[in-house]
Amino acid sequence: MPVVPAELLRLRSSIDNIDAALIHLLAERFKATQQVGVLKAEEHLPAADPAREEQQIARLRALADESGLDPVFAEKFLAFVVAEVIHHHEQIASGQHEQPGSTGNRSAGPAERTA
C-alpha cells in the first residue's frame, strides 16, 4: 500500500468534518420542514409553494455566487432537497408519515419537480 501524504490525510479529515456538519444541518432543516408540512396540512395549503421556491432559488444562487460555488450546482442541490420536502408534505397531508429526511425506497430523479 502506498503511503498517504499527511496533507492528504488532513484534507480528508476536514472533508469528513464538513460532511458530518452537512448531514446534521440537513437533519435540522428536515425537522423544520416537517413542522411546515404539518402546518400546511392543518391549514389545507398546497405542499408546493412555487413563489417561495423561486425566491429561494434566486437567494441561494446569489449566495453560491458570492461564496465561489457554482450557482447551477447550488440550484440542483436545492431542487433535490425541495423535491424531497414536497414529497414529505404530500405524505403528511395524506396522513402518511416518514422519518424526516428519509427517502424510503423512493429515488428522486431530475425529472421530478425541481422547486
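Treat the numbers as computed from the prediction; the structure is a model and nothing was measured.

Peer 1: For the pattern of salt bridges, give the residues involved together with the corresponding values.
Peer 2: Within this structure, the stated rule accounts for three salt bridges. Glutamate 7 is the salt-bridge partner of arginine 10, the closest N and O atoms lying 2.7 Å from each other. Of this pair, arginine 10 and glutamate 7 both sit in helix α1 (residues 6-42), three residues apart, which is roughly one turn of that helix. For glutamate 7, a relative accessible area of 44% gives the class partly exposed. For arginine 61, the salt bridge is made with glutamate 75, and the minimal N-O distance between the two is 2.6 Å. Of this pair, arginine 61 sits in helix α2 (residues 50-67) while glutamate 75 sits in helix α3 (residues 71-94); the two residues are 14 residues apart in sequence, bridging distant segments of the chain. Since its relative accessible area comes to 29%, glutamate 75 is described here as partly exposed.

Peer 1: Run through α2, naming residues and quoting values.
Peer 2: Relative to the 26 Å expected for 18 residues at 1.5 Å per residue, α2 spans 25 Å between its end C-alpha atoms, a close match to the ideal helical length. Buried residues of α2: Glu53, Gln56, Ile57 and Ala64, and no others. All buried residues of α2 lie within an arc of 105° about the axis, which places them on one face of the element. Along α2, exposed side chains directed more than 90 degrees from the buried face belong to Ala51, Glu54, Gln55, Asp65 and Glu66. Elements in contact with the buried residues of α2: α3. Directly beyond the C-terminal end of α2, a positive phi value near 80° is found at glycine 68.

Peer 1: Give me α1: which residues, what numbers.
Peer 2: Between its first and last C-alpha atoms α1 spans 54 Å; for 37 residues at 1.5 Å apiece the expected length is 54 Å, and the two agree. Looking at α1, one finds that the buried residues are Phe30, Thr33, Gln34, Gly37 and Lys40. Against the buried residues of α1 lie α3. Once α1 finishes, histidine 44 follows within two positions and takes phi at roughly 55°, a positive value.

Quick notes on the rules
- Residues numbered from 1 in each chain as written.
- Predicted model: local features only at pLDDT ≥ 70, side-chain atom pairs only at ≥ 80, totals over all residues.
- Heavy atoms only, no water.
- Salt bridge = Lys/Arg side-chain N within 4 Å of Asp/Glu carboxyl O.
- Helix = DSSP H or I, 4+ residues; strand = E, 2+ residues; numbered from the N terminus.
- Buried < 20%, exposed > 50% of the residue type's maximum accessible area, 1.4 Å probe, protein only.
- Expected span 1.5 Å × (residues − 1).
- Arc of directions from axis to C-beta.
- Contact = heavy atoms within 4.5 Å.

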